[in-house]
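Here are the chains, one letter per residue:
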Amino acid sequence: MSLWVIGRRILFLLMVIWAAATITFFIPRLSSRNPIRERFATLARTGGFSPGDLETIVASYNQKFGLDKPLWQQYVDYMSSLARFDLGVSLNLFPKTVVELIVEALPWSIGLLIVTTILSFIIGNILGALAAWPQAPNWLRTISTSFVLLQGVPPVLLGVLLIFFIAFRANLLPISGSYSIGSVPEWSFAFAIDVLRHQILPALALIFGTVGGWVLSMRGMGITIQGEDYVLFAEHKGLSSRTIFRDYYLRNALLPQVTGFALALGNVVTSAIIVEQIFGLPGLGNVLAQAIRVNDFLVIYGIVLFITIAIATLMVLVELLYPLLDPRIRLDQ
Amino acid sequence: MKKFKILSAFVILLLLLSACGTDTPPAEDPQQGEVAPEAEEETAEEMAEEPAEEAEEEVIESIGSAEDLADIAREDTLVMGWSHATPIGTTNPWAVPGYTHQDAGAFMWEGLSYFRIFADEEAPWLAESMEYNDDFTELTITLRPEAKWSDGTPVTSRDVVFTLEGQLNRDTLAYHAAFVQFVDSIEAVDDLTTVVTFNQPAPRFKFEVLTLKFDTGINIVPAHVLEEQEDIAGFAGGIEMPHSGPYSVVAWDNTQKILDLREDWWAVEAGLIDTPDVKRIVMVNLGGQVGANMEAVAQRIVNNEMDTALDFRQDIIQSIIEQNPAVTSHTGDQPPFGYLDWWPNSLWMNTLVPPYDDARVRRAVSLAVDRDTIDEIVYSGAQVTTIYPFPLYPGLENFVAREDVQASIETHDPRRFNLEESAALMEEAGYTMNGSGLWEKDGETVNATIHGFPGIHGDIVPVLEQMLLNAGFDATINFGDDSFQQMADGAPGLYMFGHGASLVDPYAALELFHGRFSESIGTTAGNNRFSRYSNPDYDAILDEMAPLDANDPRFQELAAQAIDIYWSEQIDVPVIQWLHRIAYNQTYWTNWPTADNLGPGVNGAFWAHTGMLVVTGLEKAE
Amino acid sequence: MANISLPQPQAQAPVFSQPGRLTLLFRYLRRNMSLTIGLLIMLFLIVFTIVGMLTIESENAYALAVSSKQPPSAEFPLGTDFFGRDMLAVMVYGTWQTALIGIIAGGAGTLVGVLLGFISAYFGGIIDAAIKGISQILMPIPVFLIQIVIAGSLDKRDVTIYTMAFIVLILAWMGPTLVMRSQVLSMKERPYVAVAKLSGVGDIGIIFTEILPNLLPFIVAQFVTQVFAAVFASFYLAIVGLGPLREPLLGNIIWAAMGQGAFFNGWWWWPVFPAVGLALILGSLALINMGLDELSNPRVRRSE
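Residue indices follow the written sequence of each chain, beginning from 1 at its first position. Chains and ligands are labelled by the order in which they are written, letters from A for the one and numbers from 1 for the other. Residues qualify for local features only when their pLDDT is at least 70, as the model is predicted, and side-chain atom pairs are given and counted only at 80 or more; totals for whole chains, interfaces and linings, by contrast, use all residues. Derived side-chain values reflect all non-hydrogen atoms in the structure, with water molecules and hydrogen atoms excluded from consideration.

Caption draft 1: Highlighting the nonpolar core. Grouping buried Ala, Val, Leu, Ile, Met, Phe, Trp, Tyr and Cys residues that are joined through side-chain atoms within 4.5 Å yields what is termed a nonpolar core. Note on classification: 1.4 Å probe, protein chains only; a residue is buried when its accessible area is under 20% of the maximum for its type, exposed when over 50%, partly exposed between these limits. Residues I374 and F473 of chain B are the most contacted members of the largest nonpolar core, which totals 396 residues. For the purposes of this entry, the term helix denotes a DSSP run of H or I that reaches at least four residues, the term strand denotes a run of E that reaches at least two, and both are numbered from the N terminus. Ranked by the residues each element gives to this core, the list is headed by helix 10 (residues 203-239) of chain C, at 19 residues. Note on definitions: a residue-residue contact is assigned when non-hydrogen atoms from the two residues lie within 4.5 Å. Beyond its immediate chain neighbours, meaning those up to four positions away, I374 of chain B contacts V369, Y379, T385, I460, V463, L464, M467, V575 and I576 of chain B. The next biggest cluster of nonpolar side chains, apart from the first, holds 9 residues, and it includes M139, V149, L171 and L178 of chain C.

Caption draft 2: The pairing of strand 5 (residues 138-143) of chain B, seen in detail. All names here are of chain B. What you see with strand 5 is a clean split: L139, I141 and L143 sit on the buried side and E138, T140 and T142 on the side with no burial. Strand pairing is defined by DSSP finding a minimum of two bridges between the two strands. What sits between the antiparallel neighbours strand 4 (residues 127-132) and strand 5 is a turn of 5 residues, in which F136 has the positive phi angle 60 degrees. Note: strand 5 against strand 7 (residues 193-198), 5 bridges, orientation antiparallel. Looking across to strand 7, one finds that I141 is bridged to T194.

Caption draft 3: Summary view of the confidence of the model for chain A. Taken as a whole, chain A shows an average pLDDT of 78; of its residues, 87% reach a score of 70 or greater. Looking over chain A, one finds the lowest element-wise mean pLDDT in helix 2 (residues 35-47) of chain A, namely 64, and the highest in helix 7 (residues 155-169) of chain A, namely 87. pLDDT expresses, on a scale from 0 to 100, how confident the predictor is about each individual residue.

Caption draft 4: Structural detail: the interface of chain C and chain B. Listed as interface residues are 25 residues of chain C and, on the opposing side, 34 residues of chain B. The term buried area refers to how much accessible surface (probe radius 1.4 Å) is lost by two components on association, counted for both of them together. Buried surface at the junction of chain C and chain B, summed over both partners, amounts to about 2,300 Å²; 56% is from carbon and sulfur atoms. When residues of chain C are sorted by the area they lose upon contact with chain B, L64, R157 and F264 of chain C head the list and together hold 34% of the total. Think of a salt bridge as a Lys or Arg side-chain nitrogen and an Asp or Glu carboxyl oxygen that are within 4 Å of each other. Remark: the boundary between chain C and chain B carries 1 salt bridge. Any pair of N or O atoms that falls within 3.5 Å is considered a polar contact. Within protein, one atom must be able to donate a hydrogen and the other to accept it, and sequence-neighbouring residues count only if both atoms are side-chain atoms. Here chain C and chain B share 7 residue pairs in polar contact (both at pLDDT 80 or more) between them. Amino acids outside the nonpolar list (Ala, Val, Leu, Ile, Met, Phe, Trp, Tyr, Cys, Pro) and the charged list (Asp, Glu, Lys, Arg) are all regarded as polar, and Gly is one of them. Looking at the side of chain C that touches chain B residue by residue, the class counts come to 13 nonpolar, 7 polar and 5 charged.

Caption draft 5: Quick peek at the pairing of strand 2 (residues 113-116) of chain B. All names here are of chain B. What you see with strand 2 is no split at all: S113 and F115 on one side and Y114 and R116 on the other are buried throughout. The turn joining strand 2 and strand 3 (residues 121-124), which pair antiparallel and follow one another in sequence, is formed by 4 residues; a positive phi near 55 degrees is taken by D120. Here 2 bridges tie strand 2 to strand 8 (residues 211-212), and the two strands are oriented parallel to one another. Considered in strand 8, the bridge of S113 is made with T211.

Caption draft 6: Seen up close, helix 18 (residues 460-470) of chain B. Within helix 18 of chain B, 10 of the 11 residues are buried, leaving the element largely enclosed by the surrounding structure. Of the positions making up helix 18 of chain B, those classed as buried are I460, V461, P462, V463, L464, E465, Q466, M467, L468 and L469 of chain B.

Caption draft 7: Structural detail: unusual backbone geometry. Residue and element names in this part refer to chain B. Note the cis peptide between P335 and P336, where omega equals 5 degrees. Its location among the elements puts P336 in the loop between strand 13 (327-328) and strand 14 (339-340). Following P354, the chain continues into P355 via a peptide bond in cis, with omega recorded as 0 degrees. When you line up the elements, P355 lands in the loop between strand 15 (345-349) and helix 12 (359-367). One non-glycine residue, N304, lies in the positive phi region at around 65 degrees.

Caption draft 8: The arrangement of the environment of K257 of chain B in detail. Residues and elements named next belong to chain B. Considering the arrangement of structural elements, one finds K257 in strand 10 (residues 256-261). Among the residues examined, K257 registers a relative accessible area of 3% and is labelled buried. Sequence-wise, K257 and D120 are 137 residues apart; in three dimensions their C-alpha atoms are separated by 32 Å. Contacts of K257, omitting those with residues within four sequence positions, involve H84, D103, A104, G105, V249, A251, W252, I281, V282 and M283. At 2.6 Å, the side chain of K257 and the backbone oxygen of D103 are in polar contact.

Caption draft 9: Structural view of the sheet that holds strand 7 of chain B. Residue and element names in this part refer to chain B. Strand order in the open sheet made by the 4 strands is 4-5-7-6, with antiparallel pairing throughout. Of all strands in the sheet, those with a lone pairing partner are strand 4 and strand 6 (183-188), marking the two edges. With direction set aside, neighbouring strand axes in the sheet form an average angle of 15 degrees. In the sheet, strand 4 pairs with strand 5 via 5 bridges, with the strands oriented antiparallel. Note that in strand 5 the partner of E131 across the bridge is T140. Lines are fitted to the C-alpha atoms to define the axes, a helix being fitted only along its stretch in contact, and any angle between axes, read from their N-to-C directions, falls within 0 to 180 degrees. Across the sheet, helix 5 (residues 157-169) lies against strand 5, strand 6 and strand 7, angled at about 160 degrees from strand 6, the strand it touches most.

Caption draft 10: Quick peek at the sheet that holds strand 8 of chain B. Residues and elements named next belong to chain B. Ordered in space as 3-2-8, the 3 strands form an open sheet in which the pairing is mixed. What marks the edges here is a single partner per strand, and that holds for strand 3 and strand 8. Bridge analysis of strand 2 against strand 3 gives 4 bridges, and the strand direction is antiparallel. Looking at strand 3, one finds that F115 is bridged to E122.

Caption draft 11: Layout of the packing of aromatic side chains. All names here are of chain B. Paired rings are identified among Phe, Tyr and Trp, the last through its six-membered ring, by centres lying within 6.5 Å, and are further divided according to the angle between planes into stacked (under 30 degrees), edge-to-face (over 60) and tilted (the rest). Under the counting rule described, the total for this entry stands at 58 aromatic pairs over all chains. In this structure, R204 is placed above the aromatic ring of Y507, and the distance from its NZ or CZ to the ring centre is 4.5 Å. One cation-aromatic arrangement involves K213 over F207; the distance from NZ or CZ to the ring centre is 4.9 Å. Only when the NZ atom of a Lys or the CZ atom of an Arg is both within 6 Å of the ring centre and within 35 degrees of the ring normal do we say a charge sits over the ring.

Caption draft 12: Representation of the side chain of R581 of chain B within the structure. Residues and elements named next belong to chain B. Relative to the assigned elements, R581 resides in the loop between strand 23 (579-580) and strand 24 (584-585). The sign given to each residue is positive for Lys and Arg and negative for Asp and Glu; His and the chain ends receive no count. Buried R581, no salt bridge; nearest opposite-charge side chain is D311, N-O distance 5.8 Å. Sequence-distant contacts of R581, that is, excluding residues within four places in its chain, are made with D311, F312, R313, Q314, I317, P336, F337, G338 and Y379.

Caption draft 13: Structural view of the packing of helix 11 (residues 250-259) of chain C against helix 12 (residues 269-295) of chain C. Residues and elements named next belong to chain C. Contact geometry for helix 11 and helix 12: axes closest at 9 Å, N-to-C directions at 150 degrees. Judged on the interaxial angle alone, helix 12 and helix 11 are roughly antiparallel. The crossing of helix 11 and helix 12 is left-handed. In this structure, helix 11 contributes L250, I253, I254, A256 and A257 to the contact, and helix 12 contributes W270, P271, P274, A275, G277, L278 and I281. Broken down by class, the residue content of the contact of helix 11 with helix 12 amounts to 11 nonpolar, 1 polar and no charged. The cut-offs work like this: below 35 degrees is roughly parallel, past 145 is roughly antiparallel, 65 to 115 is roughly perpendicular, and the gaps in between are oblique. The crossing is said to be left-handed when, going from far helix to near helix, the turn is anticlockwise and less than a right angle, and right-handed when the turn is clockwise.

Right, dumping it as structure tokens:
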């Protein structure tokens, strides 16, 4: 593949990011809710807070953040600051900036989401491939099948069940939170273990909930490939079934799965929003949920853009890698 | 196969890249624990120009590091569960928006006086006394000479004047409207004495505004700190801000706020209180919406991980107490497990827009609510439903016991549940029953969308919805995050919300329905004045009550007339009293305020202003 | 089942020239366990729903119908919930409603996705660029966010299970489109497509005789995925307080149970039965999907 091809993809990537940014810019504006007023509403609801003239305060903050300008001008302003990699401030948690909110939350989410998504991808695909493999033992098929059934139970409920039985009743793992009450983050072995212990249950809830999907699609893929001539040919050639499984079967079936992986990262955000809340983890899902709740659009933009860029980059990369996986596809056609 | 390996490596590399540069846990850098001083000096104009850059310098991701933290044992630590709202680093009570006393702010800031609701007495605090003149037009505030800020500076009348004048002049502060309505001038007579002059008799000002109770009243702020700020509302405060209360923040991040006892707290030196047993407070951030996901919190209390948390539903607290005998509640192991809050909930309606501008429709809604069934189903038989817009604390109990009030109750029978009568009223108002069993007029059904909050109304509102549907009202639920906005905007439908107003006399609750709050649909109606009720006769009664002391017989008589209008006009539909069912774990801490143990005499909510008295009154378990 | 298209038509002849079709079908079902179990579960759910709807009043699936918080007993085989719903009635009507949302939103989403995916991959060029571009742009935007904005701006009285299905559908087609596109892309490079092209078969002919049959497992898999997505989307909307909260959708019931601390209070039957219901609905679809993979692949079928 030539540089020109790569350049074209990068250009496309930028277009995707621009378009996604534009769409996300306008969607929260369809709602009439103002994040600044929402901030006061929260205070008023919980604390008997009643400032003299709420509308005046809201108006002055609207002016401060440029929300009183026409929408197109806000759009231009937003796009130009975006080009300078400035995502702005949280309107609801002012004076926090969006970047700070993301940076603060990201480690927790990366730890949990990326690890669980990768684990579930690996486990699911291996189980799925094995389940489609004629020589696979029966018990393996049973496991795969039960994961498929488990998929129907919402991860939230799995989370609650895990908490109830493993953490609360059996007292084996912490109930919630990202580290023990009263301890303060530090670079130490004990603290790392503490954090890890708190991540196990949410990770299990996410993995149990998603493995089934991979099993299902990988198995379907595997079955189709078994009918292909090259597998037949390899068998007749006398290659060992292990070699066939690994080199002919897994590799070919993996192509669409990898596309699916990039897409799954997008879907996992929704589960994460919910699971992070159930387990009280201060991750990206929690920040996004809070922002959606109060329509804090700059934070919504920031996080959605961040996710968009990550997924779009992944998808373009996967596309560039297609020819490596399947030489019959040429990029420059 | 080789290509497959390359691919996997690529994918993993990319994941790492996307994590890179951002994958630094925020709390490790000790330098971040300081508020950048230059940020404090910036002017409002500069902030408006460059909000992002300005904020970047000022914002704090976390405060405190493991090395700085003193070792304090679990048995000296109080662990509380709460959903935090304050941005990290905001401790200045005048910061806008952001500060709330509920996020442990009450442990840093004190008031002139507290009110011990269950002891029914005042607890003078920073002020030794607050005395009215005979006609309630002048209030003399005398400070305690021992009162000191945490930096050693004494609390003087200069601070009081600064605080009160701030409320008078700054429209961003909570009591600005009350000050503008009543206060003429504020003057310091000497270091300890301040005189407030009112423009009309203000018999309730001292209690409503200057006394801390529940979530109302004002904190005294340090003049010598805030005067130096150019933009006081934009000043976060940080953990170094001098304060008068017993605890200082030592660590603060997204998951928790840790406060340690200040050994030099003036109130101990003044002999006002013994040195508190609680050396450290950890306020765990439960996150999310208030009241959501309480099952995990309940489990942590049963496990003795937490000592207390925000309140629970009746069934959950009952299960907690059954599972851990060390846990108790306001009423011990007996229902209703909670104490009466000042927030009785009604179904409010915007009385300016159809169909709820018709008193007959409002009454028909009330007749459709079966309060006995609610008590039985939602509260396992405890008597929680109500017909009043205020809680029956001692003073208010005396008021409703009056003959004229009892006569009103007899006449209007606000508790009545009667579907035929409800139907008759709807027909009288011009509605007909349509094919789906719903009332309809001009092709429109009655919009009975109930706006509420799932965390706190998840049990009661579905029951109300079904009751209204059974009576022909087109009821559904909005538990969306916009429900408060809908209420404030006066959107069509019913609002499940409380009346946080009266504590000792009915004036504050009745005033919520005063005509001066009725204008402007589409803008915020102000804090819980959602009915926008307007009736000149009613306003006249309230205006006559305003300057009168609550013990004045005329005041009582007028209040009885006003509450009669409340019921006859059915301004809103009172449904339930609000109970705070707080779990008190006695494994590490005892002397929680309960029905049997007065303790400091305040309600047990640690998040209220009086939470400071709850915490400092706790005793270490043997 | 028998009219599921097979990739190599010549393989059909020997198989079906034997005994009766029905006998053969039963023999086959005995070998293909996942298909059989999936179909049996689905049959059970259909019978349960039909019999239930004929014998149980729908009012019992709503609040205040029966006495509340009763554990399973002779009178209430599945118990009753906090709000006085009969859980048996909830299961009957809730299963139906949940399946309905899934089938409407999932089915329509898959159909649109398959069509667009085909068009995009097969014709390529500008059409491909446009369809792929739009899908890729929309794909990473959290669907949930858009659903919240739409659901939140509706009059709550208009929020029914049908509007809910529609809200889910609006953004349910990009996934199938992209997956189908990449499948067709890979498939059209296969030798048999090239052979068909050389022998003068038209585009439409190639799609229907060569590509579509081979893609059937993927289409079914996409459908199943979309049904999952639709059911969960309606569940997540319930969690943020949107959606038809009063309806006994299984997700609504589970969420209400969790909100009342059902496990902690010992009311296990409240969330557990709806969860089993969800697992059965979605699981049976997944099992049928697994079974169809085998059915549509002659080689695997022969090898068993």
